[in-house]
Amino acid sequence: MGNNIQPSTQNNVNQDIKWHVANLENYTLKVTLGVGKIFKTLRCSHEDGAVIIKLYIKKGLNISLNKYRAVLNDMRQRFRMQEHPGILISQTIKETQYAAYLVRQYFAYNLCDRFHAQPFLTNIEKYWISFQLLSALVQCHGQDIRHGDLKCENIVCTSWNWIFLTDFAFYKPTYLPVDNPADYSHFFDTGHRRRCYLACERFFDVKQTSVNN
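Described below are features of the structure shown in this document. (Residues numbered from 1 in each chain as written. Predicted model: local features only at pLDDT ≥ 70, side-chain atom pairs only at ≥ 80, totals over all residues. Heavy atoms only, no water.)

## Structural notes on the sheet that holds strand 7 (residues 155–157)
Spatially, 6-7-8 is the arrangement adopted by the 3 strands of the open sheet, whose pairing is antiparallel. Taken across any chain shown, the strands that pair with only one partner, and hence form the sheet edges, are strand 6 (109–110) and strand 8 (163–165). As paired elements, strand 7 and strand 8 share 3 bridges and run antiparallel to each other. Counted as the bridge partner of Ile155 is Leu165 from strand 8. (Pairing = 2+ DSSP bridges. Helix = DSSP H or I, 4+ residues; strand = E, 2+ residues; numbered from the N terminus.)

Next up, the structure:
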């Protein structure tokens with residue numbers, strides 16, 4: 001007893017990530033940007049340029065992601081119907097027996113990074129970014145699509161302050177119990193920044209709801 005030495009959890013995660021990326025053709029892992037509870041965010045190189053891969057590692061071999069793939073394909077089709085300059089969705093969707101991959105273009109900054117980078121944004125630049133974000137939301141609502149996890153990390157930014165709304169999270173719950181942080185921690189506290197971007201009306205009182213029903 002006690003004589004089996006187990007590798008660290010972090011090393012296991014890194015090895016898993018490298019193995020899954022190695023199963024993709026024409027992609028090379030450069031750096032792991034985030035290790036969330038659902039997706040691993042990876043910056044990889046491709047012959048067409050730098051990309052971001054959102055990696056989901058399946059918990060079992062018999063897991064089917066067909067319904068999520070159908071939703072993603074439907075989103076891509078809807079956004080193709082018109083010009084949507086403020087939207088960036090996954091350009092490539094891949095699924096294997098062991099994992100799923102969402103691939104999109106890489107941007108050096110998300111909006112959170114840009115807020116802390118010099119030269120700092122002027123007021124007029126902030127107004128311009130706010131206008132673009134509202135316009136992107138109008139584009140989403142026009143196609144009856146919700147983002148699901150609107151936050152600074154899911155808004156990418158160019159060097160000339162043009163923004164794109166990306167990393168749609170339609171699979172995340174709309175409503176969360178106010179007295180149990182487990183669901184919030186699992187789905188939304190992925191950056192460990194202890195900030196909540198959710199509207200207060202998305203939290204409900206389980207006891208009050210039971211009484212009303």
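## As for the nonpolar core
Ranked by size, the top nonpolar core spans 32 residues in total, and within it Met75, Phe79, Ile87, Leu165 and Phe168 carry the most contacts. Elements with a minimum of two residues in this core: helix 2 (66–80), strand 5 (99–105), helix 3 (111–115), helix 4 (123–142), strand 7, strand 8 and helix 5 (182–187). Broken down by element, the residue count for this core peaks at 4 residues, all from helix 4. Residue contacts for Ile87: discarding those within four places in its chain leaves Phe79, Ala136, Gln139, Cys140, Phe164, Leu165 and Phe168. If you look at the next biggest cluster of nonpolar residues, it comprises 14 residues, including Val51, Leu55, Ala99 and Val103. (Core = buried A, V, L, I, M, F, W, Y, C linked by side-chain atoms within 4.5 Å. Buried < 20%, exposed > 50% of the residue type's maximum accessible area, 1.4 Å probe, protein only. Contact = heavy atoms within 4.5 Å.)

## So, helix 2
Between its first and last C-alpha, helix 2 extends 21 Å over 15 residues, near the 21 Å set by a 1.5 Å rise per residue. Every buried residue belonging to helix 2 is among Leu72, Met75, Arg76 and Phe79, and all of these are buried. Relative to the axis of helix 2, the buried residues are bounded by an arc of 95 degrees and lie together on one face. Buried-residue contacts for helix 2 involve strand 4 (92–95), strand 5 and helix 4. (Expected span 1.5 Å × (residues − 1). Arc of directions from axis to C-beta.)

Everything listed here is a matter of geometry and, on its own, says nothing about what the molecule does.
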